[in-house]
Structure formats: structure tokens, C-alpha cells
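# Residue-level structure breakdown
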Amino acid sequence: MYAQMVTSEAADDSPEARAFQARIDAGEKIEPKDWMPEAYRRTLIRQIGQHAHSEIVGQLPEGNWITRAPTLERKAILLAKVQDEAGHGLYLYCAAETLGVSRDDLTEDLLSGRMKYSSIFNYPTLTWADMGAVGWLVDGAAIMNQVPLQRTSYGPYARAMVRICKEESFHQRQGYDIMLKMCRGTPAQKRMAQDAMNRFWYPALMMFGPSDKDSVHSAQSMAWRIKINTNDELRQKFVDETVPQAEFLGLAIPDTDLRWNEERGHYDFSEPDWTEFYDVIKGNGPCNVERMTARRKAWDDGAWVREGLLAHARKKAGKVAAE
Amino acid sequence: MTTQSRKPEWPLWEVFIRGQHGLNHRHVGSLHAPDAEAAIRHARDVYTRRNEGVSIWVVEARHIAASSPSDKGPLFEPSESKVYRHPTFYDIPDEAGPM
Ligand SMILES: [Fe+2]
Ligand SMILES: [Fe+2]
């Protein structure tokens, strides 16, 4: 998902750790000052950090189209959507910071490649229809994962998710609205929408992370309630919800094996190419270098602003104290 | 995970927002800003993009004193045992009329 393949560390077996697990089992929220196992704390920093980084890097593929949106209204909508994603990143960084990591440490860890962000944002956005596909499919997939996380065990993370979920529905609907317009437009526009669908379908499925049989870190994270559903459960739910939406648009899902399975009560579908997934995670996706270059440039170019405003604030505070 | 920062960060501020006239300010989250004025401006952008507030308070996080979780027992127990502080403790006959 926005946090894919987060390495979860094993819990120890101390009495404190068992009491801690009992609190989680009882549905209690863990708050920043509460005792928690080191492994829980470190795993959460990685997960929330990766989630935050995804929101921030996720602005880039859509930011690419702000100046080229087809109408002023679409431009205002896209701008508002991208601004929301910045907000999501900020809510999540604050949640991570309550675990004792600093904002700058998180940023440096992203920029140095020590921390990851979701594989989905390493794909290019080539046409305006991609703004539709991203909102509908990528935010749609994100919603699948984020809705249950509102019940996660760590209080600040759960509260950040509540705020985020309130805003995500607008993201998905504006994307679907773009797709609707294009599918009801000229044949060329419809082809553009289908092309976007073809390119984003499998990368969207990859967002949920590897198949459960290859997902080594799930059990501990689920016991701690920092992961609520398995990757395959969420992927299935996403497919089941998306197929009728695609049918309504008149778009084909690029999967010849996709069919309704009466017995299971779910759609059968093809798995994405996991070799491609691991390759993108390793840094070899079509846009990994571009994304990280953009983030590094923003961080370096902003340094004088951060330092200048801090110096100004200190000078002002000094004056007030002297008066 | 690195634990040491190179340059000083903008301080952390806790943000409180009054959602509607007549309600208390409520804690909604935190953010970094160089000073109070900027913190309010950032809070507007980060926490009130959809009309969530009519008033914003910010306070630097280091100025907040908090009870510790281990105090929970001794700090709150005394009020738990004083059931007579609640109106339901008293049995008033119905005949006395509404009260
Ligand atoms: Fe988001
Ligand atoms: Fe979103």
C-alpha cells in the first residue's frame, strides 16, 4: 500500500510486552507517552514514515498536470487535491514524530534512499486522462487501506487516518469524474482514458504489496493492529469494487482472465508482474530517479527559507525579550 | 534510522481550533513553524482547508505540561470513588415532582 513491505520486528516476551499486547487485544489505543516495545515503535516509525513520504512524493505525478489542466475549474480542483496530499504528508509526519524521530531525520532518510515510498508514484503521468486514472484507481486503492487503519492501535496514527479518510473521497470522485467526461467525449478522448486504465491497472494492484504467501511481516503487524487486513484481502476488495465502476465507464480491464467467480462471490483476476514490482521498489522504475531528484531539489532550494525564517524569528524574539 | 539532526528545525507547535461559534477550541494536531504568526498561517493551510474552524490557537509544544500515563491511577482514582458527586446517587421520590 502506501506503506508496502514494511519490515516488522519480532516482539519480545517480557511481562511488559505481554501487558502491552493485552491492551491492544482489548482495543485500547496506545498513546505517545505509554510504554511500548522498541520493536513496535521502530516498526511504526518505518510504516508511518513511508506512508508520509508516499503522500509527499505522490504530489509529483499530479503536480505535473496542474499548469496543463484543460480548464480553470479542473486546475483549481487538481490544485486542491494536490494540496490535500501535502496535508496528508504533514499529518503523518507529525504522528511519526510523536514516536521520537525528528522531521528532518525522516526527510533525510527519504532523500538518502534509506526509507521508501509507494511504488505507484514511480510511474509517469503521460496524458490528462492519467489524472482521472490516478484519482479513481490510486486514491481508490489508498482508501481501501486507509479506512481500516482508522482503527489502528497507535492513537496519533489512527487520528491522522481519520482526517485523511475524510478528504480522500473527494480525490477518488474527482478522478472518476474526469474519466466519465473522457469516456463520454470524442473517440480519441475515450481511447486516452482506456490507455490510462491499461497503464495504471497493474501498478494499482501492486500498491497492496506482495501476495500473502510472500508477505513475511504481516503476522506481527496484525497482532499489533498496525495492519488490519492482509494484502490479498484488500486487493480482492479493490478489484470487486472497481470492476463495476469500469464497466459503467465502458472501459475494459486489461486482464483476459478477469471473470466473476460465482462460487467465491468475488472476481478472479491476474496477479501483477511481481518482478516488475520488486524492480521498481529497488529504484529501477520509470520515474524513481526523477522523483528523488525533484524531492532533493525542493529540499536544497528551500534551505535558505528554512534558515532565514528561523533566524528572523530568533532576532524578533530577542528584541521582545530585551524590551 | 538516523537520530541526530544536522541543523535546528523549526519548533513544533500544537494547534487548537474552534470549529464553530460557541464551542471550545479542540486539539487537532501539530506542525512546525518558525514563529507564532507563521504557525497560525500554516495551521490555516494544514487544518482548515474545508471550513473546519472560526478561530485558531497555537502553542509551542515545549510549553505544554502533561500528566504522565503512570499517574493515571493516583491522579484520577479519588474522583472515581466519590459517587455522591453524581445526581444519580440520590433517590428522590417521584411524588416530589420533576427535579
Ligand atoms: Fe492522500
Ligand atoms: Fe488522495
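So, here's what we can say about the structure.

### Observations concerning the overall build of chain B
Each helix and strand counted, chain B has two helices and three strands in total. For chain B, the α and β elements follow one another from N to C terminus as β-β-α-β-α. In summary, chain B has a C-alpha radius of gyration of 22 Å against a globular reference of 13 Å for 99 residues, an excess of more than 25%. Summarising its shape, the C-alpha atoms of chain B cover approximately 70 × 35 × 20 Å along the three principal directions. When burial is assessed residue by residue, chain B has 22% of its 99 residues classed as buried.

### Digging into the overall build of chain A
Within chain A one finds 13 helices and two strands. Against the globule reference of 20 Å for 323 residues, chain A gives a C-alpha radius of gyration of 21 Å, in line with a compact fold. Dimensions of chain A along its principal axes, counting C-alpha atoms only, are 70 × 50 × 35 Å. Within chain A, contacts between residues separated by at least 24 positions form 80% of all contacts whose residues are at least 6 apart in sequence. For chain A, the exposed surface amounts to about 14,500 Å²; the carbon and sulfur share of it is 57%. Mean positive and mean negative side-chain charge positions of chain A (41 and 46 charges, respectively) differ by 6 Å.

### Some remarks on the nonpolar core
Residues and elements named next belong to chain A. Core analysis: the largest hydrophobic core is formed by 51 residues, its most contacted members being W136 and F238. Elements supplying a minimum of two residues to this core: α4 (72-97), α5 (103-111), α6 (129-149), α7 (155-183), α8 (187-206), α10 (231-249) and α12 (288-301). With ten residues, α6 is the single largest residue contributor to this core. Counting 40 residues, the second largest nonpolar core, distinct from the first, contains I24, I30, L149 and I164.

### Digging into the coordination of the iron ion (ligand 1)
Residues and elements named next belong to chain A. Of the protein atoms, only E55 (OE), E85 (OE), H88 (ND1) and E168 (OE) coordinate the iron ion (ligand 1), at distances of 2.1 to 2.6 Å. Relative to the metal, the four donor atoms surrounding the iron ion (ligand 1) lie at angles of 82 to 150°, and the coordination shape comes out irregular. Read in sequence order, the donor residues for the iron ion (ligand 1) give the motif E-x29-E-x2-H-x79-E. The distance between the iron ion (ligand 1) and the iron ion (ligand 2) comes to 3.3 Å, with E85 serving as a donor to both metals. One end of the pair, E55, is in helix α2 (residues 38-57); the other, E85, is in helix α4, and 30 residues separate them in sequence. Side by side, E55 and E85 carry an identical accessibility label, which is buried.

### Topic: the layout of surface pockets
Rolling a probe over the atoms, with the probe sized like a water molecule, indicates the empty space that remains. Estimated volume of the largest pocket: approximately 1,400 Å³. If you trace the largest pocket, you find 40 residues lining it, with R159 of chain A together with E14, H27, V28 and G29 of chain B closest to the centre. Those elements that provide at least two residues to the lining of the largest pocket are α4 and α7 of chain A together with β1 (12-18) and β2 (25-32) of chain B. Of the residues that constitute the lining of the largest pocket, the class distribution is 17 nonpolar, eight polar and 15 charged.

### Observations regarding the coordination of the iron ion (ligand 2)
Protein-derived coordination of the iron ion (ligand 2) comes from E85 of chain A (OE), D139 of chain A (OD), E168 of chain A (OE) and H171 of chain A (ND1), at a distance range of 2.0 to 2.3 Å. Along the chain, the residues donating to the iron ion (ligand 2) fall in the pattern E-x53-D-x28-E-x2-H.

### Here's the deal with the interface of chain B and chain A
Taken together, the contact pairs 27 residues of chain B with 31 residues of chain A. In this assembly, chain B packs against chain A so that about 2,400 Å² is buried in total across both faces, 50% of it on carbon and sulfur atoms. Seen at the junction of chain B and chain A, the total is six salt bridges. A salt bridge links E167 of chain A to R49 of chain B; the shortest N-O distance between them is 3.0 Å. One can count 13 residue pairs in polar contact (both at pLDDT 80 or more) joining chain B with chain A. No other element matches β2 of chain B, which puts four residues into the side of chain B that touches chain A. Here the side of chain B that touches chain A is built from residues that sort into twelve nonpolar, seven polar and eight charged.

### Some words on the sheet that holds β1 of chain B
Residue and element names in this part refer to chain B. Taken together, three strands build an open sheet; the order of strands is β2-β1-β3 and the sheet is antiparallel. Lying at the two open borders of the sheet, with one neighbouring strand each, are β2 and β3 (55-60). Mean inter-strand twist for the sheet, computed between neighbouring axes without regard to direction, equals 25°. When β1 meets β3, the two strands line up antiparallel, connected through six bridges.

### Considerations on the packing of aromatic side chains
Summed over all chains, the structure comprises 13 aromatic pairs over all chains. Plain terms: the ring middles of Y91 of chain A and Y47 of chain B are 5.6 Å apart, the flat faces sit at 20° to each other, and that makes the pair stacked. One end of the pair, Y91 of chain A, is in helix α4; the other, Y47 of chain B, is in helix α1 (residues 36-47), on a second chain. Residue class for Y91 of chain A comes out buried when judged on its relative accessible area of 4%. Plain terms: the ring middles of W136 of chain A and Y176 of chain A are 5.5 Å apart, the flat faces sit at 70° to each other, and that makes the pair edge-to-face. Within this pair, whereas W136 of chain A is found in helix α6, its partner Y176 of chain A is found in helix α7, the two being separated by 40 residues in sequence.

The rules behind the values
- Residues numbered from 1 in each chain as written.
- Chains lettered and ligands numbered in written order.
- Predicted model: local features only at pLDDT ≥ 70, side-chain atom pairs only at ≥ 80, totals over all residues.
- Heavy atoms only, no water.
- Helix = DSSP H or I, 4+ residues; strand = E, 2+ residues; numbered from the N terminus.
- Rg over C-alpha atoms; globule rule 2.2 N^0.38 Å.
- Buried < 20%, exposed > 50% of the residue type's maximum accessible area, 1.4 Å probe, protein only.
- Contact = heavy atoms within 4.5 Å.
- Areas by Shrake-Rupley, 256 points an atom, 1.4 Å probe, with all protein chains shown as cover.
- Lys, Arg positive; Asp, Glu negative; His and termini not counted.
- Charge placed at Lys NZ, Arg CZ, Asp CG, Glu CD.
- Core = buried A, V, L, I, M, F, W, Y, C linked by side-chain atoms within 4.5 Å.
- Donors = N, O, S within 2.8 Å, 3.2 Å for Na, K, Ca; no water.
- Tetrahedral: all angles 85-135°; square planar, octahedral: opposite > 155°, others 65-115°.
- 1 Å grid on protein atoms, 1.4 Å probe; cavity = no way out; pocket = protein on both sides within 12 Å on 5 of 7 lines; lining within 4 Å.
- Points joined across faces, edges and corners; volume = space filled by probe spheres on them.
- Nonpolar A, V, L, I, M, F, W, Y, C, P; charged D, E, K, R; others polar.
- Buried area = accessible area lost by both parts, 1.4 Å probe.
- Salt bridge = Lys/Arg side-chain N within 4 Å of Asp/Glu carboxyl O.
- Polar contact = N/O pair within 3.5 Å; in protein donor to acceptor, adjacent residues only side chain to side chain.
- Pairing = 2+ DSSP bridges.
- Axes fitted to C-alpha atoms, helices over the stretch in contact; angles between N-to-C directions.
- Phe/Tyr/Trp six-rings, centres within 6.5 Å; stacked < 30°, edge-to-face > 60°.

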